[in-house]
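Listed below are the residues making up each chain.
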Amino acid sequence: MRLAGKVALISGGARGMGAAEARLFVEEGAKVVIGDIREALGRELEAEIKASGGEAIFVRLEVTNETDWQQAVATAEQQFGKLDVLVNNAGISGSGRVENVTLEEWNRVMDINSTGVFLGTKVAIPAMRRAGGGSIVNISSQLGLVGVDNSSPQYQASKGSVRLLTKATAIQYAKENIRANSVHPGPIETPMTEARRADPEVREVTIGRIPLGRYGVPDDVAKGVLYLASDDASFVTGSELVIDGGWTAQ
Ligand code: NAD
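Below you will find a few notes about this structure.

Conventions used here
Residues numbered from 1 in each chain as written. Predicted model: local features only at pLDDT ≥ 70, side-chain atom pairs only at ≥ 80, totals over all residues. Heavy atoms only, no water. Helix = DSSP H or I, 4+ residues; strand = E, 2+ residues; numbered from the N terminus. Buried < 20%, exposed > 50% of the residue type's maximum accessible area, 1.4 Å probe, protein only. Contact = heavy atoms within 4.5 Å. Pairing = 2+ DSSP bridges. Axes fitted to C-alpha atoms, helices over the stretch in contact; angles between N-to-C directions. 1 Å grid on protein atoms, 1.4 Å probe; cavity = no way out; pocket = protein on both sides within 12 Å on 5 of 7 lines; lining within 4 Å. Points joined across faces, edges and corners; volume = space filled by probe spheres on them. Near = heavy atom within 4 Å. Polar contact = N/O pair within 3.5 Å; in protein donor to acceptor, adjacent residues only side chain to side chain. Areas by Shrake-Rupley, 256 points an atom, 1.4 Å probe, with all protein chains shown as cover. Sits in = over half its atoms within 2 Å of the grid points. Nonpolar A, V, L, I, M, F, W, Y, C, P; charged D, E, K, R; others polar. Right-handed = clockwise from strand over helix to strand, strands pointing away.

1. Thoughts on the environment of Glu 55
- Along the chain, Glu 55 turns up in the loop between helix H2 (39-51) and strand E3 (56-60).
- The class of Glu 55 is partly exposed, set by a relative accessible area of 41%.
- Counting along the chain gives 23 residues from Glu 55 to Val 32, while the straight-line C-alpha distance between them is 6.5 Å.
- Contacts of Glu 55, omitting those with residues within four sequence positions, involve Val 26, Ala 30, Lys 31, Val 32, Ile 49 and Phe 80.

2. Digging into the sheet that holds strand E2 (residues 31-36)
- Reading across from one edge, E3-E2-E1-E4-E5-E6-E7 is the order of the seven strands in this open sheet, with parallel pairing throughout. If you trace the sheet from one side to the other, it starts and ends with E3 and strand E7 (240-243), each paired once. With strand direction ignored, the average angle separating the axes of adjacent strands in the sheet is 20°.
- Here six bridges tie strand E5 (residues 134-139) to strand E6 (residues 178-185), and the two strands are oriented parallel to one another.

3. Considerations on unusual backbone geometry
- Positive phi, close to 60°, is recorded for Asn 177, a residue that is not glycine.
- Its place among the elements puts Asn 177 in the loop between helix H5 (153-173) and E6.
- What makes Asn 177 partly exposed here is its relative accessible area of 45%.

4. Observations concerning the layout of surface pockets
- Here the largest pocket defines a volume of roughly 1,000 Å³.
- Secondary-structure elements contributing two or more residues to the lining of the largest pocket are helix H1 (16-27), H5, helix H6 (194-198) and helix H7 (200-208).
- The element best represented in the lining of the largest pocket is H1, accounting for three residues.
- A volume near 160 Å³ is recorded for the second largest pocket.
- Lining the second largest pocket, in full, are Lys 6, Asp 84, Ala 131, Gly 132, Gly 133, Gly 134, Ser 135, Asn 177, Arg 179, Ala 229, Asp 231 and Ser 234.

5. As for the site of the ligand
- Residues in close proximity to the ligand total 28 residues, the closest being Asp 36, Arg 38, Asn 89, Tyr 155 and Thr 190.
- At 3.5 Å, a backbone N or O of Leu 61 approaches a nitrogen atom of the ligand.
- Take Met 192: an N or O atom from its main chain is 3.5 Å from an oxygen atom of the ligand.
- Look at the ligand: alone it shows 830 Å² of surface, and the protein chains cover 97% of it.
- Because more than half of its atoms lie within 2 Å of the grid, the ligand is assigned to the largest pocket.
- At the level of elements, H1 and H5 are the ones that each hand at least two residues to the shell around the ligand.
- For the shell around the ligand, the class distribution of residues is 14 nonpolar, nine polar and five charged.

6. Concerning the pairing of E6
- Across the eight residues of E6, eight count as buried, placing the element largely inside the fold.
- Handedness of the crossover is the feature at issue here: the chain leaves E5, passes through H5, returns alongside E6, and the resulting connection is right-handed.

Below, the structure is given as structure tokens:
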């Protein structure tokens, strides 16, 4: 069991990749705090994990709210004794080209995808220090590495910022045995991409850009996140794990 004895907090853990990570982490021995704004789905997942004999708890977490983060981290420490792993996974997409994106829409995506990662990191670090170290896994995107014509500027900018916030965190906290790495998934079959996958034209263009010729599934990413969360990655910090079917290799 690769996460035996570990306690993890996963933002956006109620569905999609976050939920896949929660299930896999529990299978690998972790106790998991699932943080999300989707309360019904989050509670369903908590019940499913408990029914299978695992330990999980749902907390309502709006990632732009620092008090919510403090409560989520306190829940990990009070219910499960400590916090070893934070997966900053919550995120939203966006649409538009630079000249027709409103400031409000820009700020909404940046607040959740970028500021949300900053707040989670900020609040988790003191708890990880109390635990003697930890691992922060930030979910960026292949679009945090390269640009593309049919995504939005605010999404790509937010994911690029996650990449470098991760490196700043890695450098500032390495001496305290707190690691930070970013993960860069390509297109994955989750609710986020459902509408785009249902459009035959967008689907064809997207798959045409993936050398492996298919969308990824949530477990493709969860297995990489598991590695970075675990002690197998004890010498890995400030790195970028690209899980994109070859998108950025071209
Ligand atoms: P998803 O929409 O299926 O799930 C995202 C989860 O985040 C949801 O449960 C949602 O309720 C939660 N969330 C959204 N805003 C939140 C907020 N303000 N506070 C708390 N929770 C919030 O998406 P997904 O595809 O599983 O994406 C997970 C992460 O992976 C995101 O950061 C996304 O940008 C990134 N990503 C996705 C893809 C893809 O193709 N699906 C590719 C690269 C990166």
